Amino acid sequence: MAGRTAGAAPTAHPVAEAEAALVRHYRRLVRLAYLALPADRDRHSRVLAAHAAVQRALPFRWTRADRPSGPEADRTGLAGQTGQTDGSATTDPGYAALRLRVLRAALRPHPAARLLAPRVWGLRLFTPHGGEQDAALDHALADLDAPARAAFALREVEGLDGPGAEQVLREAGVARPAEAVAAAAEVPAGPDPELSAFDPCAVRVQPTDLLRRRRTLTAALAVGLLGLTTTAAVLGGGSGPVGAAPRPAERSADAPADPAQLVRVAPDAWEHTARIDFTAWPARGDRREDGALLGRALAAWAQPGPRTHAEPGTDSAPPATPPQLLFAGTVDGTGVAVLYDGRRIARYTDGSGGGLDLARADSSGPTTAGAVVLGRQGTAVRYLLAPWVETAETRRIDQPDAAARPLDHPDGITPATPGGGLADCRGATVLQLHSSPVIAEKHAFVLADLGGLLPAHLTYTPPPDRNQPARGPHEATGPDALQAWARAGCAVPDGTPGVKQLNLWAFAVQPLPQNAGSAAWFCLRADRWTGEGSAATAVLLPTARGPQRTGGGPGRACSRFEQDTVAWTWWHSPQGPDYLLAAGSRRVTRLTAKGPDWSADRPTPDRTLAVERPARSTVQVEAVLDNGNRITPPR
């Protein structure tokens, strides 16, 4: 036939090819969409949205715009991947085009997409819960923007290298793909691509709240009956009496807050959402239906006065919308109510010694929303624990080898437990909490009371290993973490109310001259709920009774945004001479020290330096990193 090249085989229809590719790689595409979708949805919604994004990726007709453009299309189809591929996908241009459409849908979800998403009535779908690492990864991804989450998905699920991921993001319409890939690389570690905790095709199913469904149906029938009655009255020509009460929307904004408008969360809400924070707390306490107590709490928040105490950086203004009720009950003979408005925790206490206490609580998570202080008696503290806390214990921070003591918490309320600040080096008592397997298997974390409404989350970063990538903070529950906190914890730079997290980083261990033992170098960081932070370097010498601070101050030193540090101190050896000791973090390759009439400049394979000097003097210490940059000790 004219116009046909001799011997050319007929090709399949492009849409049919795309459908075949979608069926072959459906699970991979859904997993990609699940990781890239916005983190403001619960797991049920994300599962459904991921399936919808992939199923709608199949076009009605294939156009040039549906395919990746340029020579990079073949390289990023899947041929540029480093792993996790299957043979049928590595050279499939149809798959690459489908992947592009899925990413575009995940990066820029249409407002109507949620309305058109699949619906499942009476059941909740969610991916199986993973372990501690998976919970931490899910929380880390929630802090990334959409392009960075998509970059992470391309690297972890698709196995693309950096340039390959940048090219795909550029094709998907991301304005700054290089920044997205760099942000994704900050996430410490990715999941196994086959892990069920991030696989929307391996889901668990649970019924929704049956009692709430029954109440909703009853309310719907009542509304329908009221609508019929109102229609009949209107058709009958009746009109309401003059001066009738206004509708709720017409009430004055200055009217007292109504306890009936408080938001109440279902008792099992935390089991069905991926947002594990204060929004998942149910209302608890024996007075949660006490309108008088709740009314006094709302009135105290609506009109802050002399009995209102706000922690540093916390706004004392009234809530913009009805807050959520977390607790209302009698604590040590006094009425207490705890409310949450999405940004702040408010604790109202009855009586002459009570009042309203406010603290920042935005951007909380499974650990930082693990407990709220209900009340204090001297140095003893009574907590309300999160609903996902299965077991609780207390332990002395200065006794790492002692067994933790079980702590009863009926309905989440603990008995009065010893407190004590970390910075006083007198052995504070901390909480060690274990999450339910519904949240994460074998997950425990430590909280320390700092005198505010919310205890601080303690974490630990182990010493560096040149054979391993940099490690992020871990939970301070292992033997090494407990030993480190016992030895150096009282050198924290900030132990005041409003601290969200305290991390202890063991960045170097230095053998001392004359076989006098070793010095352990630490950097302790305090991050506040306001976003501000501070750091302090410290050294623990063999004969010292406690850590010695060597530097520090406000800023982002020793955080994930500034992971290089150096510190120094003077040390008097048992045999008499004084030494200048210096140590740096894992990327330090050279240390320099300068005095009034001397200097030392040496490569440091072990990142430490010891210089014997006959007398102490003012010195300047610098470290050279593996990229040539120079850093100085934090001040």
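Preceding this section is the structure that the text describes.
Residues numbered from 1 in each chain as written. Predicted model: local features only at pLDDT ≥ 70, side-chain atom pairs only at ≥ 80, totals over all residues. Heavy atoms only, no water.

**Structural notes on the sheet that holds strand β21 (residues 566–572)**
Okay, so step 1: Strand order in the open sheet made by the three strands is β21-β22-β25, with antiparallel pairing throughout. The open sheet has two free edges, formed respectively by β21 and β25 (608–613), since each of these has just one partner strand. In this sheet, adjacent strand axes meet at a mean angle of 20° when their direction is disregarded.
Okay, so step 2: Bridge count between β21 and strand β22 (residues 578–584): seven bridges; the pairing is antiparallel. Residue Trp568 lies in a different strand from β22, and its bridge partner there is Ala582. (Pairing = 2+ DSSP bridges. Helix = DSSP H or I, 4+ residues; strand = E, 2+ residues; numbered from the N terminus. Axes fitted to C-alpha atoms, helices over the stretch in contact; angles between N-to-C directions.)

**Observations regarding the state of the cysteines**
Okay, so step 1: All chains considered together, the criterion is met by one disulfide.
Okay, so step 2: Disulfide pairing places Cys523 opposite Cys558 at an S-S distance of 1.9 Å. Handedness of the Cys523-Cys558 disulfide follows from its S-S torsion of about 95°: it is right-handed. Of the two residues, Cys523 is situated in strand β18 (residues 518–528) and Cys558 in the loop between β20 (548–554) and β21; the sequence distance between them amounts to 35 residues. (Disulfide = S-S within 2.5 Å.)

**Quick look at the pairing of strand β19 (residues 533–540)**
Okay, so step 1: β19 sits mainly inside the fold: eight of its eight residues count as buried.
Okay, so step 2: Sheet topology note: the β18/β19 ladder contains eight bridges and is antiparallel. Its bridge partner being in β19, Trp521 is matched across the sheet by Val539.
Okay, so step 3: Linkage of β18 to β19, two consecutive antiparallel strands, is achieved through a turn of four residues, within which Gly531 is found at a positive phi near 100°. (Buried < 20%, exposed > 50% of the residue type's maximum accessible area, 1.4 Å probe, protein only.)

**Focus on the nonpolar core**
Okay, so step 1: Val54, Leu98, Leu103, Leu154 and Leu169 are the most contacted members of the largest nonpolar core, which totals 47 residues.
Okay, so step 2: For this core, the elements supplying multiple residues, two or more each, are α1 (14–24), α2 (26–36), α3 (43–55), α5 (93–107), α7 (132–142), α8 (146–156), α9 (162–171) and α10 (177–185).
Okay, so step 3: Of all the elements, α2 adds the most residues to this core, at eight residues.
Okay, so step 4: Dropping the residues within four chain positions of it, Leu154 is found in contact with Leu32, Arg99, Leu103, Gly159, Leu160, Ala165, Val168 and Leu169.
Okay, so step 5: Counting 37 residues, the second largest nonpolar core, distinct from the first, contains Trp281, Leu326, Ala369 and Ala440. (Core = buried A, V, L, I, M, F, W, Y, C linked by side-chain atoms within 4.5 Å. Contact = heavy atoms within 4.5 Å.)

**A word on the side chain of Asp350**
Okay, so step 1: Counting through the fold element by element, Asp350 comes out in the loop between β6 (344–349) and β7 (355–360).
Okay, so step 2: The buried category is assigned to Asp350, whose relative accessible area is 16%.
Okay, so step 3: Among the polar contacts listed, one links the side chain of Asp350 to the side chain of Tyr348, at a separation of 2.7 Å.
Okay, so step 4: In contact with Asp350, not counting residues within four places along its chain, are Leu293, Arg296, Thr334 and Gly335. (Polar contact = N/O pair within 3.5 Å; in protein donor to acceptor, adjacent residues only side chain to side chain.)

**Here's the deal with the sheet that holds strand β9 (residues 380–385)**
Okay, so step 1: In space, the three strands of this open sheet follow the order β8-β9-β12, with antiparallel pairing throughout. Only two strands of the sheet have a single neighbouring strand rather than two, namely β8 (371–377) and β12 (417–418).
Okay, so step 2: Note: β9 against β12, two bridges, orientation antiparallel. Bridging across to β12, Val381 finds its partner in Thr417.

**Things to note about α8**
Okay, so step 1: Most of α8 sits out of view: eight of its eleven residues are buried.
Okay, so step 2: Within α8, the full set of buried residues consists of Ala146, Ala148, Arg149, Ala150, Ala151, Phe152, Ala153 and Leu154.
Okay, so step 3: For α8, the side-chain oxygen to backbone nitrogen distance between the N-cap and Ala148 is 3.0 Å, and the N-cap itself is Asp145.

**Considering the packing of α9 against α10**
How two helices pack is summed up by the angle between their axes together with the distance between the axes.
Okay, so step 1: Orientation of α9 relative to α10, taken along the N-to-C sense of each, is 130°, at an axis distance of 9 Å. Considering the angle they form, α9 stands oblique to α10. Considering only the axes of α9 and α10, their crossing is right-handed. Two secondary-structure elements touch here, α9 through Gly162, Ala165, Glu166, Leu169 and Arg170 and α10 through Pro177, Ala178, Ala180 and Val181.
Okay, so step 2: Tallied by class, residues from the contact of α9 with α10 come to six nonpolar, one polar and two charged. (Parallel < 35°, antiparallel > 145°, perpendicular 65-115°, else oblique. Left-handed = near helix turned anticlockwise from the far one by under 90°. Nonpolar A, V, L, I, M, F, W, Y, C, P; charged D, E, K, R; others polar.)

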